[in-house]
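The primary structure of each chain is shown beneath.
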Amino acid sequence: MEKITKDLLDWYQKYKRDLPWRRTQNPYYIWVSEIMLQQTRVEAVKVYYERFIHRLPTLYDLATISEDELLKLWEGLGYYSRVRNMKSCAQKRIEQGFDNLPNTKEELLALPGIGNYTAGAILSIAFSIPSVAIDGNVYRVLGRYYKIEEDIKKSGTYQIYENKMKKILPQENAGDFTQSFMDLGSLICTPKSPKCEICPLQKDCKARQKNQMEFYPVKEKKKEKRIEERTVYLYRYKDKIAIQKRKDKGLLASMYEFPNTLETVSVVDIENSLLENEIPFYSVLEIGESKHVFSHIIWYMKGYIIDLKEPIENYIWVTLEELNRKYSLPSAFSYYYQILLR
């Protein structure tokens, strides 16, 4: 056994976190946790995971749930294409006559939304099959430990890391090995200010020896995000609020939102527009600015509450209770939703 392998496994056995998805080897449950953990902190995932499994305890339940209810269940986790792919995956397996996920990499990779990392994690954790699973934690730990100079954003670099992983991959305790990177990367070998003094790999870590931890893994600078300025309209009529459904493709596809436009307007502009379109109203009130950062776009928003005398056609009119219970509202609008709750 390689020294790094032994050090990781010994450390994991002593310090591993007690997490809900570590109390099972059900491939479906492991898969749900892995998809949720992409782009989301462990502490935040716990609540979502337990709620999801409680509502959808089997692959069949996931395959048959309505999209609206599924998106509502996922609300707040973001990256909604992930859960849509999960449903497509579940439907495919059920149609094929199976009630859980397969135990080969080829079959897993053939399913929607499952890539190399997720396949490797499922195989090692759920089936105890030695499998390479490379995510951000692995890039960080191995990049620092071996002081790998290749840019992780370049296509050929994955092969370098994969070869390193294959050399240190144990034939037993495969799941523990995969999860040791998760815990070490989350708790100790963090992107900034790593806690090297308590790291089990510190003596042999080449980046640590040169005090260059924060230079690894090597990766190119991110492209600047596109900026969009939006106006959000909270139309109210009696005890109901207007929402609309987004298009079924693109950013936040098929989710519900408050009406909004790519423009900057004032209270007077809104009042004049309402008068021109003969829409009777009581008042227009500016309610503040908000910012939401997506992976490639930043929304700068200014919101207004418009109290109407009559409802506007072509919107969906819902109570706040219905909005909370039934309709999936992206977190981009959470600032304005909270204002409505006051």
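The structure we're discussing is the one just above.
Residues numbered from 1 in each chain as written. Predicted model: local features only at pLDDT ≥ 70, side-chain atom pairs only at ≥ 80, totals over all residues. Heavy atoms only, no water.

Draft legend 1. Looking closely at the overall build of the chain. A count of helices and strands for the chain gives 15 helices and seven strands. Principal axes of the C-alpha set define a box for the chain whose edges measure 75 × 50 × 35 Å. The long-range share in the chain, meaning contacts at least 24 apart out of those at least 6 apart in sequence, stands at 66%. For the chain, the accessible area works out to roughly 18,100 Å², and carbon and sulfur atoms hold 48% of it. Within the chain, the 46 negative side-chain charges are centred at a point lying 6 Å from the centre of the 52 positive side-chain charges. (Helix = DSSP H or I, 4+ residues; strand = E, 2+ residues; numbered from the N terminus. Contact = heavy atoms within 4.5 Å. Areas by Shrake-Rupley, 256 points an atom, 1.4 Å probe, with all protein chains shown as cover. Lys, Arg positive; Asp, Glu negative; His and termini not counted. Charge placed at Lys NZ, Arg CZ, Asp CG, Glu CD.)

Draft legend 2. Quick look at the pairing of strand E2 (residues 240-245). Bridge analysis of strand E1 (residues 226-237) against E2 gives two bridges, and the strand direction is antiparallel. Bridge assignment links Tyr237 to a residue of E2, and that residue is Lys240. Taken together, E1 and the strand that follows it, E2, pair antiparallel across an intervening segment of two residues, in which Lys238 is found at a positive phi of about 55°. In this structure, E2 lies alongside strand E7 (residues 316-318), joined through three bridges in antiparallel fashion. (Pairing = 2+ DSSP bridges.)

Draft legend 3. Here's a closer look at helix H6 (residues 81-95). Along its 15 residues, H6 runs 21 Å from first to last C-alpha, staying within 8% of the 21 Å computed at 1.5 Å per residue. Those residues of H6 not exposed but buried are Arg82, Val83, Arg84, Met86, Lys87, Cys89, Ala90 and Arg93. Next to the buried residues of H6 lie helix H2 (27-37), helix H3 (42-55), helix H4 (59-64) and helix H5 (67-74). (Expected span 1.5 Å × (residues − 1). Buried < 20%, exposed > 50% of the residue type's maximum accessible area, 1.4 Å probe, protein only.)

Draft legend 4. Main features of the side chain of Thr231. Relative to the elements of secondary structure, Thr231 occurs in strand E1. Separated by 2.6 Å, the side chain of Thr231 and the backbone oxygen of Glu263 make a polar contact. Apart from the residues within four sequence positions on either side, Thr231 is in contact with Pro259, Asn260, Thr261, Glu263, Thr264, Val265, Lys302 and Tyr304. (Polar contact = N/O pair within 3.5 Å; in protein donor to acceptor, adjacent residues only side chain to side chain.)

Draft legend 5. The side chain of Asp7, seen in detail. In this fold, Asp7 is placed in helix H1 (residues 3-15). Contact partners of Asp7, with chain neighbours within four places excluded, come to Pro200 and Leu201.

Draft legend 6. Spotlight on H3. Taking 1.5 Å of rise per residue, 14 residues should cover 20 Å, and H3 covers 20 Å from first to last C-alpha, within 8% of that figure. Taken together, the buried positions of H3 are occupied by Val42, Val45, Tyr48, Tyr49, Phe52 and Ile53. Those residues of H3 hidden inside the fold are in contact with H2, H4, H5 and H6.

Draft legend 7. Summary view of the environment of Ala90. Among the secondary structure elements, Ala90 is positioned in helix H6. Under the relative-accessibility criterion, Ala90 is labelled buried at 0%. Distance in space between the C-alpha atoms of Ala90 and Lys192 is 38 Å, their sequence separation being 102 residues. Every residue in contact with Ala90, bar those within four places of it in the chain, is listed here: Leu59, Leu62 and Ala63.

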